[in-house]
Amino acid sequence: MKYEHIQKGIFLSRPNRFIAHVLISLENGQEESVVCHVKNTGRCKELLMPGVTVAVEFHPDAALLGRKTQYSLIGVWKERKSGPLLINMDSQAPNQAAYDWLLSKETGISLPYNKDSNKGTNSLLKIENLKREVTFLQSRFDLAFQSLEPRFSAFMEVKGVTLEEDDLAMFPDAPTLRGVKHVEELVKARKEGYEAYILFVIQMKGMKGFAPNKKTHPEFAQALKAAKDEGVHILAYDCIVTENSMTIDQPVPVLLDE
């Protein structure tokens, strides 16, 4: 996932879920408060605090595209005791990054699957027919693909993670009935013979583990644990995040009992 025309700014305020006011520096040395589209409708209260440094993307063709704003807010440097942590907060980035990740694995990708003696263990899979936004029952999963060897069809739901506490990444940051529905539909897909994956894309580096946010939405945590017991694969990967890119990198331990 790549961006263009990135600038740093200072976050000022967020009047509603969709826009933010950010102070940026102009070429003439002056500063200007600009309106940015926030590419994440979540609360993000722990991230968007007045005075933090943010990354915004300038859209020079905004008027031609009919955009209401010339800027999009895509990242934030979260202040921590160990130093600022760059977090990508673009809610569209995880799906694109996951698609690019799977597409790039031409020689094979290490994923678990439920087949005979290999149940739940990782194997090097060669995938084909990678598709986006595929309907199953009452849900539309983010990704679907087929494995050539061993042969099976699979669905994958992708969730972006921007919440962290003490190096533990957590999801969700607010109750998500839609998220529970997706998990339950993955269980149904598994029972019908599909391989089913839920991929938590941690939009930052440096996390020691991932856990469902039981305090915020215990029902989601319960659904996730039940899904694992039914053979749904729970994956979490961190990302290499820069001001102008986000790339899926390494697996992170999934801690369902935290």
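Everything below is about the structure printed above this text.
About the cut-offs
- Residues numbered from 1 in each chain as written.
- Predicted model: local features only at pLDDT ≥ 70, side-chain atom pairs only at ≥ 80, totals over all residues.
- Heavy atoms only, no water.
- Helix = DSSP H or I, 4+ residues; strand = E, 2+ residues; numbered from the N terminus.
- Rg over C-alpha atoms; globule rule 2.2 N^0.38 Å.
- Buried < 20%, exposed > 50% of the residue type's maximum accessible area, 1.4 Å probe, protein only.
- Contact = heavy atoms within 4.5 Å.
- Areas by Shrake-Rupley, 256 points an atom, 1.4 Å probe, with all protein chains shown as cover.
- Lys, Arg positive; Asp, Glu negative; His and termini not counted.
- Charge placed at Lys NZ, Arg CZ, Asp CG, Glu CD.
- Axes fitted to C-alpha atoms, helices over the stretch in contact; angles between N-to-C directions.
- Parallel < 35°, antiparallel > 145°, perpendicular 65-115°, else oblique.
- Left-handed = near helix turned anticlockwise from the far one by under 90°.
- Nonpolar A, V, L, I, M, F, W, Y, C, P; charged D, E, K, R; others polar.
- Core = buried A, V, L, I, M, F, W, Y, C linked by side-chain atoms within 4.5 Å.
- 1 Å grid on protein atoms, 1.4 Å probe; cavity = no way out; pocket = protein on both sides within 12 Å on 5 of 7 lines; lining within 4 Å.
- Points joined across faces, edges and corners; volume = space filled by probe spheres on them.
- Phe/Tyr/Trp six-rings, centres within 6.5 Å; stacked < 30°, edge-to-face > 60°.

A. Looking closely at the overall build of the chain. Along the backbone of the chain there are four helices and 16 strands. Taken over the C-alpha trace, the chain has a radius of gyration of 19 Å; the compact-globule value for 258 residues is 18 Å, and the two agree within 12%. Each of the three principal axes of the chain carries a C-alpha extent, and together these read 65 × 40 × 35 Å. The 258 residues of the chain split such that 50% are buried. Pairs at least 24 apart in sequence give 62% of the contacts found in the chain among residues at least 6 apart. Of the accessible surface of the chain, which amounts to about 13100 Å², a share of 48% is contributed by carbon and sulfur atoms. Of note, the chain has its 32 positive side-chain charges centred 4 Å away from the centre of its 34 negative side-chain charges.

B. Summary view of the packing of helix α3 (residues 177-191) against helix α4 (residues 218-229). Across the interface, α3 lies against α4 with an axial gap of 9 Å and an inter-helix angle of 15°. With respect to α4, the axis of α3 lies roughly parallel. For α3 against α4, the interelement crossing comes out left-handed. Residues Gly179, Val180, Val183 and Val187 of α3 form the contact with α4, whose own contacting residues are Glu219, Phe220, Ala223, Leu224 and Ala227. In terms of residue class, the contact of α3 with α4 is made up of seven nonpolar, one polar and one charged.

C. Focus on the nonpolar core. Ranked by internal contacts, the top residues of the largest apolar core, which has 48 residues, are Val54, Leu73, Phe200 and Ile202. Of the residues forming this core, the biggest block, five residues, is contributed by α3. For phenylalanine 200, the residues in contact, after removing those within four places along its chain, are Lys159, Val161, Phe171, Phe210, Phe220, Leu224, Ile234, Leu235, Ala236 and Tyr237. Grouped together as the second largest cluster of nonpolar side chains are 32 residues, Ala93, Tyr113, Leu143 and Phe152 included.

D. Main features of the layout of surface pockets. Space inside the largest pocket adds up to approximately 730 Å³. Lining the largest pocket are 32 residues, with Ser91, Lys159, Gly160, Phe171 and Arg178 sitting closest to its centre. Only α2 (93-104), β9 (139-149), β10 (152-161), β12 (168-171) and α3 provide two or more residues apiece to the lining of the largest pocket. Residue contributions to the lining of the largest pocket peak at five residues, all from β10. Class assignment for the residues of the lining of the largest pocket results in nine nonpolar, 13 polar and 10 charged.

E. Up close: the packing of aromatic side chains. Throughout the structure, instances matching the rule amount to 13 aromatic pairs. Between phenylalanine 200 and phenylalanine 210, the ring centres sit 4.3 Å apart and the planes meet at 25°, which makes this aromatic pair stacked. Here phenylalanine 200, found in strand β13 (residues 195-202), pairs with phenylalanine 210, found in strand β14 (residues 209-212); they are 10 residues apart in sequence, far enough to count as distant. Each member of the pair, phenylalanine 200 together with phenylalanine 210, is buried. Here the aromatic cluster, defined as three or more aromatic residues joined through ring pairs, consists of Phe136, Phe141, Phe155 and Tyr194.

F. Structural detail: unusual backbone geometry. With an omega dihedral of 0°, the bond running from phenylalanine 171 to proline 172 counts as a cis peptide bond. Secondary-structure assignment places proline 172 in the loop between β12 and α3. The backbone of asparagine 129 shows a phi angle near 55°, a positive value even though the residue is not glycine. Secondary-structure assignment places asparagine 129 in strand β8 (residues 121-136).

Read these as spatial facts, not as claims about activity.
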